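Letter by letter, the chains look like this.
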Amino acid sequence: MIWLIGSKGMLGSEIARQLTEKHISWVGSDRDVDISDPQALLNFADSHDTSAGCTGRTASNGKVPEKITWVINCAAYTAVDKAESDAELAKILNEDGPRNIARATRKIGAKLIHISTDYVFDGTGSVPYTEAMEKKPLGVYGVTKAAGEDAVEKEMTQYYILRTAWLYGFDGKNFVYTMTKLMNDRDALNVVSDQKGTPTCAMDLAAAIIKIIETSDKAPGLFGKKSAIPYGVYHFTNLGETTWFEFARRIYELGKRFGRIQSDCSVNPCTTEEYPTPAKRPAYSVLDKTKIQNALRIKIPSWEESLEKFIKSPRFEIK
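Residues numbered from 1 in each chain as written. Predicted model: local features only at pLDDT ≥ 70, side-chain atom pairs only at ≥ 80, totals over all residues. Heavy atoms only, no water.

Caption draft 1: Summary view of helix H5 (residues 139–155). Its 17 residues place the ends of H5 25 Å apart at the C-alpha level, agreeing with the 24 Å of an ideal helix rising 1.5 Å per residue. Looking only at H5, the buried set comprises Val140, Tyr141, Gly142, Thr144, Lys145, Ala146, Ala147, Gly148, Glu149, Ala151, Val152 and Glu155. Buried residues belonging to H5 abut helix H4 (87–107), strand S4 (111–117) and strand S5 (159–164). (Helix = DSSP H or I, 4+ residues; strand = E, 2+ residues; numbered from the N terminus. Expected span 1.5 Å × (residues − 1). Buried < 20%, exposed > 50% of the residue type's maximum accessible area, 1.4 Å probe, protein only. Contact = heavy atoms within 4.5 Å.)

Caption draft 2: A look at the pairing of S4. In terms of burial, S4 is largely enclosed, as seven of its seven residues are buried. Handedness of the β-α-β unit built from strand S3 (residues 70–73), H4 and S4 comes out right-handed. The pairing of S4 with S5 spans six bridges and is parallel. For Ser116, the partnering residue across the bridge sits in S5 and is Arg163. (Right-handed = clockwise from strand over helix to strand, strands pointing away. Pairing = 2+ DSSP bridges.)

Caption draft 3: Representation of the packing of aromatic side chains in the model. Inspection of every chain in the model, using the stated rule, returns 19 aromatic pairs. Ring plane angle 20° and centroid distance 6.1 Å describe the contact between Trp70 and Tyr160, whose orientation is recorded as stacked. Of the two residues, Trp70 sits in strand S3 while Tyr160 sits in strand S5, which places them 90 residues apart along the sequence. In this structure Trp70 comes out as buried when scored by relative accessible area, which is 0%. Owing to a relative accessible area of 0%, Tyr160 belongs among the buried residues under this scheme. Taken together, a centroid distance of 6.1 Å and an interplanar angle of 50° make the contact between Tyr168 and Phe247 tilted. Here Tyr168, found in strand S6 (residues 167–168), pairs with Phe247, found in helix H8 (residues 244–257); they are 79 residues apart in sequence, far enough to count as distant. Both residues of the pair, Tyr168 and Phe247, count as buried. (Phe/Tyr/Trp six-rings, centres within 6.5 Å; stacked < 30°, edge-to-face > 60°.)

Caption draft 4: Local environment of the packing of helix H2 (residues 38–48) against H4. Look at H2 against H4: their axes get within 9 Å of each other, and the N-to-C directions meet at 35°. With respect to the hand of their crossing, H2 and H4 are arranged in right-handed fashion. Residues Pro38, Leu41 and Leu42 of H2 pack against Asn100, Ile101, Ala104 and Lys107 of H4. Broken down by class, the residue content of the contact of H2 with H4 amounts to five nonpolar, one polar and one charged. (Axes fitted to C-alpha atoms, helices over the stretch in contact; angles between N-to-C directions. Left-handed = near helix turned anticlockwise from the far one by under 90°. Nonpolar A, V, L, I, M, F, W, Y, C, P; charged D, E, K, R; others polar.)

Caption draft 5: Structural view of the pattern of salt bridges. Counted under the stated rule, the structure contains 19 salt bridges. Of the charged contacts in the structure, one is a salt bridge between Glu214 and Lys22, with a shortest N-O distance of 3.3 Å. Residue Glu214 is found in helix H7 (residues 202–218), and its partner Lys22 is found in the loop between helix H1 (10–21) and strand S2 (26–29); the two are separated by 192 residues along the sequence. Classification of Glu214 as partly exposed rests on a relative accessible area of 25%. Owing to a relative accessible area of 42%, Lys22 belongs among the partly exposed residues under this scheme. Between Asp96 and Lys91 there is a salt bridge, and its shortest N-O distance comes to 3.0 Å. Given the relative accessible area of 19%, Asp96 is considered buried. The exposure class assigned to Lys91 is partly exposed, which follows from its relative accessible area of 37%. Among the ionic contacts, a cluster of salt bridges with common partners joins Glu14, Arg17, Asp171 and Arg315. (Salt bridge = Lys/Arg side-chain N within 4 Å of Asp/Glu carboxyl O.)

Note that every value here comes from positions in space, so none of it alone points to a role or purpose.
Here it is, written out as structure tokens:
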């Protein structure tokens, strides 16, 4: 059984949906379980783990006893700009929380998938970042997420850290929904054109996460020691690279084509300097996906392909 932490967020909701569609047993927690409280995490795990070998009791609901074998942590403080003035809470959720989750996961004998970010890099590079490159985070958000990675690596050996970027999905606020709404309401928009990265559709990231679990569970070896995909850090976004301006322009084109945008709107480029924010953004944050592609033997869709699939989906609904 899978324990999905942050199950009501944008990524967590998509993972939950796909797990259910694949008839994979899972249990979710969100703000109802405080990840800053180690005992709260253990209490939740104990109350939902019905395997006699773990809890010393058998299931009373008539179902086959299940043991939590995987934990997926999607919980995080993701308000990048707000984090600059809310550093304490960002640290609690992005560093202390993952540490507590890692300890709880280890204690119940499960494996962990922890979601991280491109913000662990400073964005001064010019070629896609590999997993082995040195972390140099910018701002409170990046620093706390990098510290969260370090905490997981210190507490566990059976873990996967997945860094992603520019995430959007059907459940919750994101750049695609925001742009679509603004393009329906305004005659013109200025969008930053000197920050380069790669969008990630939550559908694709969720599928990759589940693929890791399925691949590992099918591999021989006690507790996955001979897992088909080695433990460690991986990068996942869609393929290709773009700027926020180019991303927005493509959203407008597809929005008009599929009837999501009813008005005419001029999308214009601007510089980071012209659009200042409390937190400094990486100028270049393209992530190299070679490692996960080879490990899972998957073909990752391009960002353009996934964006079109997202916008024309009947699930598309601006929040």
